[in-house]
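Listed below, chain by chain, are the residues.
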Amino acid sequence: MPEAHPTTPCPVRSAGYDEAKDGDDFMKLSSVTVFYPCYNDAGTIPTMILRALYTLPYITDDYEVVVINDGSQDDSALVLDEMARLYPDHLRVMHRTQPSGYGGVLRGGFASARKDWVFYTDGDAQYDARELTLLAEAVTDNVDMVNGYKIKRHDPWHRVVIGLAYQYFVKLVFGLVIRDVDCDFRLMRRTIFDHITLESTTGTITFELVKKIQDAGYHIVEVPVHHWYRQYGESQFFNFRRVGKTLIALLGWWWRLVVRKEHLKSPTPAAPHVDEAKPE
Ligand SMILES: Nc1nc2c(ncn2[C@@H]2O[C@H](COP(=O)(O)OP(=O)(O)O)[C@@H](O)[C@H]2O)c(=O)[nH]1
Ligand SMILES: [Mg+2]
């Protein structure tokens, strides 16, 4: 019997949820964009949105939720339009008629974020959006990114084994310092995206993102998060065709990021800054 999502008590309540609201030492974040990519996630995306909407006030007073639907074939479009009608003040939904892939959608989400911090996780609810409070609690003045790592992966056993091999392989190939590059549960300063340029249109975006952020010298911290079995739909990523394509793409990225270090050669765009008073 697969281990289901927790029901009660809410895991976040006992692990930071109330403290985030009441604790003396928790500093709310200035503003946060929660972003979800959605591809055939109609069965889970409303819960993901609702959990973001009622978790966010504990960690910030200024927030938005953004969802990009990448041409889903299920009823995600209908469900999302209804959610946007119900929450016009805090939810923005975009529909892509020309699918741009997982990487393309993440890049779109980062580009459209309007707040100081950007959090994203997948729309399939394998992560618990309420645990965003745990990431927020790890933020200090000199932290630029808080990355989750899976306490335990809840996927079919062969997927767990291959996932572990992939995780260590990618870490080794790219010299990554974080333990779980495959954990799509991340909170980042939005200004990071003024300095790094992402190109992936596929799942390779995860290691491209982490490698470029690491090499740009940003301070990354990690916190443990839960990971649950899929409750709706099927894993889209895990099939031989996609895994094969990812491995080939990985070689190309190794050449570009590790051998040629292209991302370190191109000049970094200057940081946007508040206009300084000019001498008359
Ligand atoms: N745009 C786009 N998003 C995808 C595609 N495949 C998966 N996704 C998104 O990526 C998320 C994670 O995919 P999933 O198949 O669960 O990957 P896994 O968690 O690694 O097994 C899903 O919730 C989808 O929103 C795709 O082909 N295109
Ligand atoms: Mg998944």
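What counts, and at which threshold
- Residues numbered from 1 in each chain as written.
- Chains lettered and ligands numbered in written order.
- Predicted model: local features only at pLDDT ≥ 70, side-chain atom pairs only at ≥ 80, totals over all residues.
- Pairing = 2+ DSSP bridges.
- Helix = DSSP H or I, 4+ residues; strand = E, 2+ residues; numbered from the N terminus.
- Axes fitted to C-alpha atoms, helices over the stretch in contact; angles between N-to-C directions.
- Parallel < 35°, antiparallel > 145°, perpendicular 65-115°, else oblique.
- Left-handed = near helix turned anticlockwise from the far one by under 90°.
- Contact = placed C-beta atoms within 7 Å.
- Core = buried A, V, L, I, M, F, W, Y, C linked by C-beta atoms within 7 Å.
- Buried ≥ 20, exposed ≤ 12 C-beta atoms within 10 Å, placed from the backbone.
- Near = placed C-beta within 6 Å.
- Nonpolar A, V, L, I, M, F, W, Y, C, P; charged D, E, K, R; others polar.

A. Structural context of the sheet that holds strand 3 (residues 91-95). Pairing is mixed in the open sheet, where seven strands are placed in the order 3-2-1-4-6-5-7. Of all strands in the sheet, those with a lone pairing partner are strand 3 and strand 7 (220-225), marking the two edges. When strand polarity is set aside, the average angle formed by the axes of neighbouring strands in this sheet is 20°. Across five bridges, the pairing between strand 4 (residues 117-121) and strand 6 (residues 185-189) is antiparallel. Across the sheet, Tyr120 pairs through a bridge with Arg186, a residue of strand 6.

B. Layout of the packing of helix 2 (residues 45-59) against helix 3 (residues 76-86). One way to put it is that helix 2 packs onto helix 3 with a least axis distance of 10 Å and a crossing angle of 25°. Taken as axis vectors, helix 2 and helix 3 run roughly parallel relative to one another. Relative to helix 3, the crossing made by helix 2 is right-handed. Residue-level inspection shows Ile45, Pro46 and Ile49 of helix 2 in contact with helix 3, the latter providing Ser76, Val79, Leu80 and Met83.

C. The nonpolar core, seen in detail. Within the largest apolar cluster, 56 residues are counted, with the highest numbers of intra-cluster contacts made by Ile45, Val67 and Phe119. Ranked by residue count, the leading element in this core is helix 2, at seven residues. Other than its neighbours up to four places away in sequence, Ile45 contacts Tyr36, Cys38, Val67, Ser76, Val79, Leu80 and Gly123.

D. Summary view of the site of ligand 1. Around ligand 1 sit 17 residues in total, of which Tyr39, Asp70, Asp124, Ser235 and Gln236 are the nearest. Where the shell around ligand 1 is concerned, the elements lending two or more residues are strand 1 (32-38) and helix 4 (101-112). Of the residues that constitute the shell around ligand 1, the class distribution is eight nonpolar, five polar and four charged.

E. Just the pairing of strand 5 (residues 145-150), in detail. Most of strand 5 sits inside the fold, with five of its six residues counted as buried. Bridging between strand 5 and strand 7 involves six bridges; their strand directions are parallel. Each bridged residue has a counterpart across the sheet, and for Asn147 the counterpart in strand 7 is Glu222.

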